Structures are given as structure tokens and as C-alpha cells.
Amino acid sequence: MTVKEMAHKLGYKIINNTDPVAEKLDAKVTGVYACDLLSHAMAKVNEGDVWITVHTNLNVIAVASLTNCACVMIPENIDIESQSIERANDKGVVLLSSSKSAAHICLEILSALKDMK
Amino acid sequence: MSTIVRDYSIPANDFTIAGEASSSVRKLLSQLGVSPDVVKRTSIAMYEAEINAVIHGNGGKAHVEIDESKIYICISDEGPGIADLDLAMQEGYSTAPDSIREMGFGAGMGLSNIKKNSDILYIETEINKGTKVNITVFFSK
Ligand SMILES: Nc1ncnc2c1ncn2[C@@H]1O[C@H](COP(=O)(O)OP(=O)(O)O)[C@@H](O)[C@H]1O
Ligand SMILES: [Mg+2]
């Protein structure tokens, strides 16, 4: 399941889809990780993970880029800082958003991944 | 392969480019064909040291040397230094202010993450002089 397929299937909003990001929409989703401590996320987020965090500052984009996660998911319709969207465009980091809670999103993604098998 | 040397400056309290040095090095290592596991460990260790220089060290510099067998990274600052290094190394210990915690930093995991992900870690620090974090990661063990 790619990021784009997941977003369509589960009704997640794709925040940015300009050029370097468009390519990343085809990245394979292989897992999900929810954590708001940046040091913890930095160490634990795997390539292919959807990383769920309530933070929307620039450091989130740096960590997403360094971990090469599939995409960043911002839950509960939290507003995303506009400078972070710009930076995400530059760095090729896909940002998604949803009205649901982090726990709910984890469940949805894990179920979708299970269905694929 | 001859030694590749890179130098970066790390501005104080500037989160607009915090992580850029680590990001460049990550890209470079990937291009050189270094194994993903080594790229990952290096990224974690260097990012944490870079962020510490931004947050705690009034900014500083990153010096990087890559040869065929390893990457050596020195992150140095001329900040306040670390009074009790053993205490600072403990997971959970942090003097980061609330403004930093609100961004998601300040969990006190940085130095232990650096230790876990490097093969050699050597920290030199002196009160009111600064801190030098020397990290080495070998490409194969
Ligand atoms: N470069 C540095 N200069 C001064 N103090 C530092 C530096 N790096 C770390 N420290 C001190 O060590 C503590 C622990 O660092 P770390 O494990 O990275 O946790 P955190 O950065 O989350 O506080 C910091 O809170 C700070 O007091
Ligand atoms: Mg730290």
C-alpha cells in the first residue's frame, strides 16, 4: 500500500503534493509509529512508517527527513504551521492530516496493512 | 577512497536550519553507498549532538571526516559546558526549558541516544568554555 493509496482508502487529507513530494506519495507504507518526543521518534521511526505526531514545528520535518519515514500524519485536524508545509515541500516530506485521534489512526493503518497480507 | 571532509556551522537557537548538517551528512553517506543501518545510526547520533549545540551550547560547528572504514564527527560549541557529565548522560536528565519541551525536545534522551548509536563516543567539556562531542561510527564491525 502506498501513501497515496492509504490516504484514499482511509480518507486522510494530503496537505502537500507539489513536485519533490509527489514522488513520495508512491512510497510504500510498512508500519505506523506514534510519538511526540522527537528524540524517541528519531531513534524509533523506521523507513516506511507513518509517523503520527501532534507537533507541527520545523523540527518535525527535520526528523521525518532524517528517518526517511513514509509520511507524517497530524491527527485531530491540528493546524499545521505554514513554514513547516513549505519546508516539507522542499524536503520531499509528505504531510497528511485527519480528524481522528492518534490511537484511532494507528488502528486504521494497522488493520489496512493486515488486510493487504 | 581519500578522506572526505565537511564542515558546517550550527547557529544558536535557530530551528529553521537545525538538523541541516545531519541531513547533508545523511545524504552524503547514502550516496557513498554506506549501509542503511550505519546511515541510520549516524543520523541519530549526529542529529542529537547538533540539536544539543543549538539548544544548550549557543550554537557551534560540525566537523566530519569520512574514510573507507568509518565516519568521525566532531560537534563543538563554546557554550556553558556540562557540569556533571555522568548525570547528563543519564536517560531522562534534562535542563531544557519549557519553550524547548513544547517543541518536542528535552526528553533527556539525546546523550544516551548518541552513546547507543555510536561505536566510539568521547565528550570533552569544560564549564564556561564549551563542549566537544566526538562520535565515530564504523561501516562494518
Ligand atoms: N552541548 C551542550 N552544552 C551544554 N550542556 C549540554 C550540552 N549537551 C547536553 N547538555 C546538558 O546535558 C543534558 C542532557 O542532554 P540530552 O541527553 O541531550 O537531553 P536534552 O537535550 O533532551 O536535555 C542537557 O539538558 C544539558 O543540561
Ligand atoms: Mg539533547
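Not measured: the values here are computed from a predicted model.

(A) Broad picture of the interface of chain B and chain A. Contact with chain B, which involves 20 residues of that partner, is made by 20 residues of chain A. Note on chain B versus chain A: buried area summed over both sides is about 1800 Å², and carbon and sulfur give 51% of it. Here Lys 91 of chain A ties to Glu 20 of chain B by a salt bridge, and the two come within 2.9 Å at their closest N and O atoms. Those elements giving two or more residues to the side of chain B that touches chain A turn out to be helix H1 (20–31), helix H2 (36–55) and helix H5 (110–117) of chain B. Broken down by element, the side of chain B that touches chain A gets its largest block of residues, five residues, from H2 of chain B. When its residues are assigned to classes, the side of chain B that touches chain A shows eight nonpolar, seven polar and five charged.

(B) Highlighting helix H1 (residues 3–10) of chain A. All names here are of chain A. Regarding H1, the residues found buried are Val 3, Met 6, Ala 7 and Leu 10. One side of H1 holds all its buried residues, which, seen down the axis, span an arc of 100 degrees. Structurally, H1 contributes buried residues whose contacts are with strand S1 (13–14), helix H2 (19–24), strand S3 (49–52), strand S4 (71–74), strand S5 (95–97) and helix H6 (102–116). Gly 11 sits one or two positions beyond H1 and adopts a positive phi of about 75 degrees.

(C) Local environment of the nonpolar core. Counting residues in each nonpolar core, the largest one holds 58 residues, and the members touching the most others are Trp 51 and Val 72 of chain A together with Ile 71 and Phe 105 of chain B. No other element matches H2 of chain B, which puts eleven residues into this core. Residues contacting Val 72 of chain A, with those up to four places away along its chain left out, are Trp 51, Thr 53, Val 60, Ala 64, Val 93, Val 94, Leu 95 and Leu 96 of chain A. In this structure, Tyr 12, Val 50, Cys 71 and Met 73 of chain A belong to the second largest nonpolar core, which totals 22 residues.

Reading guide: rules and limits
- Residues numbered from 1 in each chain as written.
- Chains lettered and ligands numbered in written order.
- Predicted model: local features only at pLDDT ≥ 70, side-chain atom pairs only at ≥ 80, totals over all residues.
- Heavy atoms only, no water.
- Contact = heavy atoms within 4.5 Å.
- Buried area = accessible area lost by both parts, 1.4 Å probe.
- Salt bridge = Lys/Arg side-chain N within 4 Å of Asp/Glu carboxyl O.
- Helix = DSSP H or I, 4+ residues; strand = E, 2+ residues; numbered from the N terminus.
- Nonpolar A, V, L, I, M, F, W, Y, C, P; charged D, E, K, R; others polar.
- Buried < 20%, exposed > 50% of the residue type's maximum accessible area, 1.4 Å probe, protein only.
- Arc of directions from axis to C-beta.
- Core = buried A, V, L, I, M, F, W, Y, C linked by side-chain atoms within 4.5 Å.

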